[in-house]
2 protein chains.
Amino acid sequence: MNAVDIINKKKNENLTYDEIKYMVDGYTNDSIPDYQMSAFLMTIYFKGLSLDETSWLTEIMVDSGDQIDLSFIDDVIVDKHSTGGVGDKVSLIITPIVASLGIPVAKMSGRGLGHTGGTVDKLEAIKGFKTELSDKEFEDNVKNVGVSIIGQSKNLVPADKKIYALRDVTGTVDSIPLIASSIMSKKIAGGADAIVLDIKVGSGAFMKSEERAEELANTMVSIGNKLKRKVVAILTRMDQPLGNEVGNLNEVQETIDVLTGKLKESDVIDVSVEVASQMVLLGNKADNIDKARQLVKDSISNGKAYDKFNEFITAQGGNMDSVTGNDNVKELVVKSDKRGYIEGFDTQDVGHATSLLGAGRLTKNDVIDPLAGITVKAKIGDEISKGDDLFVIRTNHDNADDSINILKNSVRISDSRDIVNKSPIIKIISS
Amino acid sequence: MNAVDIINKKKNENLTYDEIKYMVDGYTNDSIPDYQMSAFLMTIYFKGLSLDETSWLTEIMVDSGDQIDLSFIDDVIVDKHSTGGVGDKVSLIITPIVASLGIPVAKMSGRGLGHTGGTVDKLEAIKGFKTELSDKEFEDNVKNVGVSIIGQSKNLVPADKKIYALRDVTGTVDSIPLIASSIMSKKIAGGADAIVLDIKVGSGAFMKSEERAEELANTMVSIGNKLKRKVVAILTRMDQPLGNEVGNLNEVQETIDVLTGKLKESDVIDVSVEVASQMVLLGNKADNIDKARQLVKDSISNGKAYDKFNEFITAQGGNMDSVTGNDNVKELVVKSDKRGYIEGFDTQDVGHATSLLGAGRLTKNDVIDPLAGITVKAKIGDEISKGDDLFVIRTNHDNADDSINILKNSVRISDSRDIVNKSPIIKIISS
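Criteria and thresholds
- Residues numbered from 1 in each chain as written.
- Chains lettered and ligands numbered in written order.
- Predicted model: local features only at pLDDT ≥ 70, side-chain atom pairs only at ≥ 80, totals over all residues.
- Heavy atoms only, no water.
- Helix = DSSP H or I, 4+ residues; strand = E, 2+ residues; numbered from the N terminus.
- Rg over C-alpha atoms; globule rule 2.2 N^0.38 Å.
- Buried < 20%, exposed > 50% of the residue type's maximum accessible area, 1.4 Å probe, protein only.
- Contact = heavy atoms within 4.5 Å.
- Areas by Shrake-Rupley, 256 points an atom, 1.4 Å probe, with all protein chains shown as cover.
- Lys, Arg positive; Asp, Glu negative; His and termini not counted.
- Charge placed at Lys NZ, Arg CZ, Asp CG, Glu CD.
- Buried area = accessible area lost by both parts, 1.4 Å probe.
- Salt bridge = Lys/Arg side-chain N within 4 Å of Asp/Glu carboxyl O.
- Polar contact = N/O pair within 3.5 Å; in protein donor to acceptor, adjacent residues only side chain to side chain.
- Nonpolar A, V, L, I, M, F, W, Y, C, P; charged D, E, K, R; others polar.
- Domains from an automatic or database assignment.
- Core = buried A, V, L, I, M, F, W, Y, C linked by side-chain atoms within 4.5 Å.
- Least-squares fit on C-alpha atoms with pLDDT ≥ 70 in both.
- pLDDT = per-residue confidence, 0-100.
- Expected span 1.5 Å × (residues − 1).
- Pairing = 2+ DSSP bridges.
- Axes fitted to C-alpha atoms, helices over the stretch in contact; angles between N-to-C directions.
- Parallel < 35°, antiparallel > 145°, perpendicular 65-115°, else oblique.
- Left-handed = near helix turned anticlockwise from the far one by under 90°.
- Arc of directions from axis to C-beta.
- Phe/Tyr/Trp six-rings, centres within 6.5 Å; stacked < 30°, edge-to-face > 60°.

Caption draft 1: Here's a closer look at the overall build of chain A. Along its length, chain A carries 17 helices and 13 strands. Here chain A has a C-alpha radius of gyration of 22 Å; the compact-globule value for 431 residues is 22 Å, and the two agree. With the principal axes as the frame, chain A shows a C-alpha extent of 65 × 50 × 40 Å. Counting every position in chain A, which comprises 431 residues, the buried fraction comes to 57%. Counting only contacts in chain A whose residues sit at least 6 apart along the sequence, the fraction spanning at least 24 positions is 79%. Of the roughly 17600 Å² of accessible surface on chain A, 44% is carried by carbon and sulfur atoms. On chain A, the mean spot of the 51 positive side-chain charges and the mean spot of the 65 negative ones are 2 Å from each other.

Next comes the structure, spelled out in structure tokens:
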């Protein structure tokens, strides 16, 4: 077996388990060089992978490193994954909800690279919150509180890490089997028995079209079938920021507004309720989806979800007072210079503007400013007058001109009063 | 401009001259890494290149290194290239023919890697023949004798060298625009104004099908049009060894047999006459192809081609007596173990068997044994009896069992008397 023969075979035929393993293991242990792996990945980009091949690739990547041992939990482990969006704090919101309904949350989470931080970065916006716990503390918190989220210390899916870094610089990111196997391998190595996927579609998402998003969803549901994991995929709209807050502390604050019931209507609530309900169903805590939705809504209205949030944050050393205290951070307002109706956003630009303020990492070594962020004051369908607020910026930077310009240009304002803000939930796909 | 954007663009659109130059120059000067170039090459494998893109790539590769300055020659420089075959000594045969008809031959030739050596290796089978001459000696020989062939000392087309080495290990060899631009760039950098291409088709050739060979021919003729070089492509059959001799000294000896008229009928004569005639026409030494063919045949029958061969070899220090002298080399005979008609060969295996005897290089650092070789005693259509000679092997190795086995299995013998040995010339393509 050799790499060139396998690359050439893939041009015309499907590969065997052993051939895929030869490539992935060889690349992970440095016996296959970058240039052969990139040629192989580009061949996959053009020729695709069969469902068997995609599932084998997923398995082989899982086997390439550590797997998190959650055998101390008797319950079904239900995990959740989002393909990533601007203002996406759904993980923060649903964690205490599902934990309050008896679904254990035991997660090792990576840090974010991009618009805003990852879940761990957001939690670190809360003063005192520790994302490094011993294995014992992690287990104890899961057993006693029902939730623990820590930074990733184990060597999970090293094959995916190495392959992903190569895909990023060789034009091989946008391949559905490669995306699907990358996501699924990380969730499985993380210990998940069942997974709810939030697949974003639109200007702020990696998947720009519903068709591609649905193809990705179907691929991941099918991998789940092959590898004995229940998978539900929810296609959600990302044609504007999710909710009204973007940035680390901003998103924690909006999470609290949702959990306390202060915020009553929002696309971020709709998505969070659906994700949490599917998790409750997969975790066997409800007989059907309608009952699951009721349980989720009740957990917010009866305060149990917010109590669980407090308990979780406190158990990991976080100081809840720090979240709502005054911050000496500069606020700037971006106003509309015309009247009309908000038609849409270049959502990726909103994310980019927030990163520039200090809320995200442009490179791995950047330090995140937890206070930097944006409040979105008008969403799709809203009527605005000249001079109305579009965004409020929070930043410690002296100069936010670049972000202000990007934000101004990110909003499309129409004269038509027929702009409709569509439901954020597009479709639910399960096996 | 950056490599990933260019790779991604090539997935859907044609590139500009500047984008191709960015990739090729960047790779040649090491600012673009192997893994991006291999992803780019694989994208080209799948998406192809337009004629403009292919011509630009050719030009850019020519510009990446030295170009041979043949301005001391007033005449049209007509060069010849073969895509390579087993027993292909056509360059040796046509060089003195066209030189005797007034077409200057001034070549810097690379060494071969594969079945047998390149032209330079074959000439070195003649004792005393020097392939390293000063620029002055090279020029003087071209002016006085009309021919000089030396080893390549200049840094011709370094971009192609580096890209070719990468293609070889990334499954991106078999791409017509990449093959066409590689060949054409080397010929143009070598100083050619007009080029006759001998494109081999069949079991012993890189192009297995006529269709692909014709596509390659058309691509190279079109590159010639764009870059103002006259190009004629001859598709020739490589379903058996060309002529009867394979190996370095063997091929020199067969060359002499052709030039002296000792060998009168052979596929290698047919191909050589056609290549030489097309060169004579491109070099403006005849008004039409029929007159060119007559001039070529006359140059053999009147001895002028052979005289020129002697003059050329002697001018570069070669001792013609060494070619026909007895050699203390072991001869072994491979006999047929059944009767019938020769139906065909696995020609690549014949080449491989000859290499194993010492006639070719399996790796760059192998030393060629000029005396090692094979005589093919029966060709397609020949009737043979049990015990008849199929091959005569010449080797200095103690054990030639591997070669003997490969050769035995390389011949297909049929009971049918209807086996036809088709003309080796399939088609001639010019602009």
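Caption draft 2: Spatial organisation of the interface of chain B and chain A. On the side of chain A, 19 residues touch chain B, which itself brings 19 residues to the contact. Summed over both partners, the interface of chain B with chain A comes to about 1600 Å²; 71% of that surface belongs to carbon and sulfur atoms. Considering only the side of chain B, the residues that lose the most area to chain A are K11, Y35 and F46 of chain B, jointly responsible for 36% of the buried surface there. The tally of links between chain B and chain A comes to zero salt bridges. Where chain B touches chain A, the interface holds seven residue pairs in polar contact (both at pLDDT 80 or more). Here the side of chain B that touches chain A is built from residues that sort into nine nonpolar, six polar and four charged.

Caption draft 3: Up close: the domain arrangement of chain A. Taken as a whole, chain A is organised into domain 1 (3-47), domain 2 (78-321) and domain 3 (327-414). Once you take the C-alpha centre of each, domain 1 of chain A and domain 3 of chain A turn out to be 43 Å apart.

Caption draft 4: Quick peek at the nonpolar core. One finds I199 of chain A together with I199 of chain B to be the most contacted residues of the largest nonpolar core, which totals 122 residues. Contacts of I199 of chain A, omitting those with residues within four sequence positions, involve T83, A213, L216, A217, M220, A233, I234, L235 and T236 of chain A. Core analysis: the next-biggest nonpolar cluster, separate from the first, contains 51 residues, V147, M279, I300 and V329 of chain A among them.

Caption draft 5: A look at the relation of the copies chain B and chain A. Once chain B has been moved 0.1 Å along the axis and rotated by 179 degrees, it coincides with chain A to within an RMSD of 0.1 Å. With respect to symmetry, the two chain copies, as superposed, fit the operation of a two-fold axis. Of every C-alpha in chain B, the one belonging to Y35 of chain B sits nearest the axis of rotation, 2.0 Å from it. Of the interface residues in chain B, 100% have counterparts in chain A that sit at the interface too, so the contact is made through matching surfaces.

Caption draft 6: Representation of the confidence of the model for chain A. With 98% of its residues at a pLDDT of 70 or more, chain A shows a mean pLDDT of 94. For this predicted complex, the interface confidence comes out at an ipTM of 0.88, alongside a pTM of 0.90.

Caption draft 7: Expanded view of helix α13 (residues 289-301) of chain A. Residue and element names in this part refer to chain A. Under the 1.5 Å per step criterion, the end-to-end length of α13 is 18 Å for 13 residues, consistent within 8% with the ideal 18 Å. Residues of α13 that are buried make contact with α5 (90-100), α11 (248-259), α12 (267-282) and α14 (304-315). Structurally, the start of α13 carries an N-cap: the backbone nitrogen of D290 is 3.1 Å from a side-chain oxygen of N288.

Caption draft 8: The pairing of strand β2 (residues 105-109) of chain A, seen in detail. Residue and element names in this part refer to chain A. Burial runs high along β2: five of the five residues are buried. The alternating pattern of β2 places V105, K107 and S109 on one face and A106 and M108 on the opposite face, and all of these are buried. Examined bridge by bridge, β2 and strand β3 (residues 147-151) share five bridges and lie parallel to one another. Along β3, the bridge assignment pairs A106 with S148.

Caption draft 9: Representation of the pattern of salt bridges in the model. Within this structure, the stated rule accounts for 58 salt bridges over all chains. Among the salt bridges present, the one from R339 of chain B reaches E383 of chain B, with a minimum N-O distance of 3.7 Å. Residue R339 of chain B is located in the loop between β7 (330-335) and β8 (340-345), and its partner E383 of chain B is located in strand β10 (residues 383-384); the two are separated by 44 residues in the primary sequence. In this structure R339 of chain B comes out as partly exposed when scored by relative accessible area, which is 47%. Sharing partners across several salt bridges, the network here consists of D79, K107 and K187 of chain A.

Caption draft 10: Highlighting the packing of α12 of chain A against α13 of chain A. Residues and elements named next belong to chain A. Here α12 crosses α13 at 120 degrees, and the two axes come no closer than 8 Å. Between α12 and α13, the crossing angle belongs to the class labelled oblique. The chirality of how α12 crosses α13 is right-handed. Residues V273, E274, A276, S277, Q278, V280 and L281 of α12 lie in contact with α13, whose contacting residues are I289, A292, R293, L295, V296 and K297.

Caption draft 11: Up close: the sheet that holds strand β8 (residues 340-345) of chain A. Residue and element names in this part refer to chain A. Here we have three strands laid out as an open sheet, ordered β10-β8-β12, and antiparallel in their pairing. Edge positions in the sheet fall to β10 (383-384) and β12 (411-414), since each has one partner strand and no second. Looking at chain direction, β8 and β10 are connected through two bridges and run antiparallel. Paired with G340 across the bridge in β10 is I384. Across the sheet, helix α17 (residues 401-410) is in contact with β8 and β12; its angle to β12 comes to roughly 40 degrees.

Caption draft 12: Quick look at unusual backbone geometry. Residues and elements named next belong to chain B. The phi torsion at D30 lies on the positive side, around 70 degrees, for a residue other than glycine. Here D30 shows up in the loop between α2 (17-28) and α3 (34-47). Classification of D30 by relative accessible area gives exposed; the value is 58%.

Caption draft 13: Fine view of helix α1 (residues 3-12) of chain A. All buried positions along α1 of chain A are accounted for by A3, V4, I6, I7, K10 and K11 of chain A. End-on, the buried residues of α1 of chain A take up no more than an arc of 165 degrees, which puts them together on one face. Each element contacted by the buried residues of α1 of chain A is listed here: α2 (17-28), α3 (34-47) and α4 (51-62) of chain A together with α3 and α8 (158-168) of chain B. Where α1 of chain A starts, the residue carrying a side-chain oxygen 3.0 Å from the main-chain nitrogen of V4 of chain A turns out to be N2 of chain A.

Caption draft 14: Representation of the environment of T43 of chain B. In this structure, T43 of chain B sits in helix α3. Look at T43 of chain B and you get buried, because its relative accessible area is 0%. Along the primary structure T43 of chain B and G243 of chain B are separated by 200 residues, whereas in three dimensions their C-alpha atoms are 39 Å apart. Residues in contact with T43 of chain B, not counting those within four places in the same chain, are M42 and F46 of chain A together with I7, K10, K11 and G48 of chain B.

Caption draft 15: Expanded view of the packing of α8 of chain B against helix α9 (residues 176-189) of chain B. Residues and elements named next belong to chain B. Direction vectors running N to C along α8 and α9 enclose 150 degrees, while the axes themselves pass 11 Å from each other. Judged by the angle between their axes, α8 and α9 are roughly antiparallel. For the crossing formed where α8 meets α9, the hand is left-handed. Of the residues in α9, those in contact with D160, Y164 and R167 of α8 are L178, I179, S182, S185 and K186. A class-by-class count of the residues in the contact of α8 with α9 yields three nonpolar, two polar and three charged.

Caption draft 16: Spotlight on the packing of aromatic side chains. All names here are of chain A. Evaluation of the coordinates by the stated rule reveals nine aromatic pairs over all chains. Ring centres 6.3 Å apart and planes at 75 degrees place the aromatic pair F345 and F391 in the edge-to-face group. Of this pair, F345 sits in strand β8 while F391 sits in strand β11 (residues 389-395), placing them 46 residues apart in sequence. Looking at F391, the relative accessible area reads 0%, which means it is buried.

Caption draft 17: Structural detail: the side chain of N141 of chain B. Here N141 of chain B is to be found in helix α7 (residues 135-144). In this structure, N141 of chain B is in contact with L133, G146, V147, S148, A315 and Q316 of chain B, ignoring residues within four places of it in sequence.

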